[in-house]
Amino acid sequence: MKKRVLSGMRPTGRLHIGHYFGALKNWVDMQDEYDCYYMSADWHALTTDYADTSDLKQNSFEMIADWLVSGISPEKSVIFKQSQIYQHSELFLILSMITPLGWLYRCPTYKEQIREIENKDLNNYGFLGYPILQAADILIYKAHFVPVGEDQLAHLELSREITRRFNNFYGNILIEPQAKLTKTAKVPGIDGRKMSKSYGNSIFLGEEEKDLKNKVWQMFTDPQKIKKDDPGHPEGCVVFAFYEIFNKDVKDKCEKCKSGALSCVECKKEVFECLAVFSKDMAQKRKEILADKSYLEKIIKTGNEKAQDTADKTLTEIKQSLKL
Ligand code: TRP
């Protein structure tokens with residue numbers, strides 16, 4: 001029997017290559033070895049964006065389309081939407097009973113977001129309980145592994161603590177999930193900040209060639225390399241960061257840049273070519289998928305049904321162990 005994997009993303013719409021190298025690639029690579037469940041965490045999106053849900057459905061749709069574009073296969077993996085599997089919410093309720101509030105208040109992501117996010121009222125029970133819902137997502141499938149980036153480690157640790165507490169009270173029912181860390185290749189945005197849709201500095205998956213060209217041309221370079229044969233500083237240069245993502249051996253390029261033998265224009269040309277090859281098939285696949293909405297809808301529906309079956313088995317066991 002294959003071990004099980006579950007992971008999710010909050011639906012933010014179209015994905016960029018930061019998502020790909022930060023998480024998705026890992027998801028794709030795990031599909032053969034594990035029994036994989038991948039979900040759009042649309043309830044989690046509500047925890048911060050509850051006031052305006054007008055884009056929620058479309059965002060899930062586009063995000064899942066990009067999963068397929070990236071190589072997530074509906075034949076191999078269960079692809080589904082969290083909000084369609086009511087079992088998560090029932091387990092969320094049960095886990096809410098046994099989770100000490102202190103664990104939630106202490107969670108670093110909670111503290112950080114309460115501090116940093118100013119334009120939304122986050123004094124809600126749902127926002128505080130975010131990690132409990134995430135624990136329910138994982139535990140309802142008895143997942144062994146959860147591929148995530150480092151930013152999610154605190155949530156995973158909480159899931160493990162909740163599991164131990166649950167099993168301690170009600171018997172050894174749930175599996176303590178382990179994080180599978182994605183070694184995040186740090187993909188900067190074209191302006192050097194973190195790649196993020198809200199900064200307008202993203203390169204999207206399946207981007208068309210002419211848009212790619214524009215973006216590569218706009219990329220920030222080493223500000224000290226003004227003339228083409230000035231010596232450059234590859235570390236901290238956006239173009240070079242991209243070069244590193246697509247090429248294993250960068251030593252030679254690095255030396256050439258440092259010695260002034262490589263111009264930024266030349267370097268950008270090469271990066272553009274790497275990006276163009278990477279994006280070409282994705283762009284084509286993206287068009288095909290988005291042209292036939294019913295295809296994707298069918299995949300999600302099938303995934304939802306499979307997820308429900310698995311989740312329901314665990315929920316039945318849980319209810320028995322709680323003597324409900
Ligand atoms: N919190 C995760 C994120 O923001 C999304 C998520 C929700 C998730 N439920 C999950 C990730 C379960 C892994 C497992 O990226």
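Every value quoted in this text rests on a predicted model; they were computed, and no experiment measured them. (Residues numbered from 1 in each chain as written. Predicted model: local features only at pLDDT ≥ 70, side-chain atom pairs only at ≥ 80, totals over all residues. Heavy atoms only, no water.)

J.: Please explain the domain arrangement of the chain as it appears in this structure.
T.: Many authors give the size of an interface as the accessible area that is lost as the parts come together. Taken domain by domain, the chain consists of domain 1 (4-187 + 293-321) and domain 2 (206-286). The C-alpha centroid of domain 2 is placed 35 Å from the C-alpha centroid of domain 1. Contact residues are listed per partner, giving 10 residues for domain 1 and 10 residues for domain 2. Roughly 940 Å² is buried in total at the junction of domain 1 and domain 2, and carbon and sulfur atoms are behind 70% of that figure. (Domains from an automatic or database assignment. Contact = heavy atoms within 4.5 Å. Buried area = accessible area lost by both parts, 1.4 Å probe.)

J.: What's the story with the side chain of E207 in this structure? I'm lost.
T.: You can see E207 is positioned in the loop between strand 5 (178-181) and helix 10 (209-218). Judged by its relative accessible area of 7%, E207 is buried. A polar contact is formed between the side chain of E207 and the backbone nitrogen of F204, at a distance of 2.7 Å. Separated by 3.2 Å, the side chains of E207 and K215 make a polar contact. (Helix = DSSP H or I, 4+ residues; strand = E, 2+ residues; numbered from the N terminus. Buried < 20%, exposed > 50% of the residue type's maximum accessible area, 1.4 Å probe, protein only. Polar contact = N/O pair within 3.5 Å; in protein donor to acceptor, adjacent residues only side chain to side chain.)

J.: Teacher, can you tell me more about the packing of aromatic side chains here?
T.: What describes a pair of aromatic rings is the distance from one ring centre to the other and the angle between the planes of the rings. Throughout the structure, instances matching the rule amount to 17 aromatic pairs. One aromatic cluster in this structure is built from Y20, F21, F246 and F278. In this arrangement the basic side chain of R193 is found over the ring face of Y199, its NZ or CZ atom lying 4.1 Å from the centre. Residue placement shows K293 over the ring face of F61; its charged tip is 4.9 Å from the ring centre. (Phe/Tyr/Trp six-rings, centres within 6.5 Å; stacked < 30°, edge-to-face > 60°. Lys NZ or Arg CZ within 6 Å of the ring centre and 35° of its normal.)

J.: Explain helix 12 (residues 251-259) to me, please; I cannot follow it from the model alone.
T.: Because each turn of an α-helix spans 3.6 residues, side chains separated by three or four positions end up pointing in the same direction. For helix 12, the set of buried residues is K253, C254 and C257. The buried residues of helix 12 occupy an angular sector of 100° when the element is viewed end-on, so they sit on one face. Residues of helix 12 that are exposed and angled more than 90 degrees away from the buried face: K251 and S259. In this fold, the buried residues of helix 12 make contact with helix 11 (238-246) and helix 13 (264-291). G260 sits one or two positions beyond helix 12 and adopts a positive phi of about 90°. (Arc of directions from axis to C-beta.)

J.: I keep staring at the pattern of salt bridges and nothing clicks. Help me out?
T.: One side chain can pair with another of opposite charge once the charged atoms of both are near each other. By the definition in use, this model includes 17 salt bridges. Between K142 and E317 there is a salt bridge, and its shortest N-O distance comes to 2.9 Å. Separated by 175 residues along the polypeptide, K142 in the loop between helix 8 (130-139) and strand 4 (145-148) and E317 in helix 14 (residues 293-321) bring together distant segments of the chain. The class for K142 is partly exposed, based on a relative accessible area of 21%. Given the relative accessible area of 31%, E317 is considered partly exposed. In this structure, E207 and K215 form a salt bridge, with 3.2 Å as the shortest nitrogen-oxygen distance. With respect to class, E207 is no different from K215; both count as buried. Taken together, the shared-partner salt bridges in this structure form one network comprising E157, R160, R164 and E176. (Salt bridge = Lys/Arg side-chain N within 4 Å of Asp/Glu carboxyl O.)

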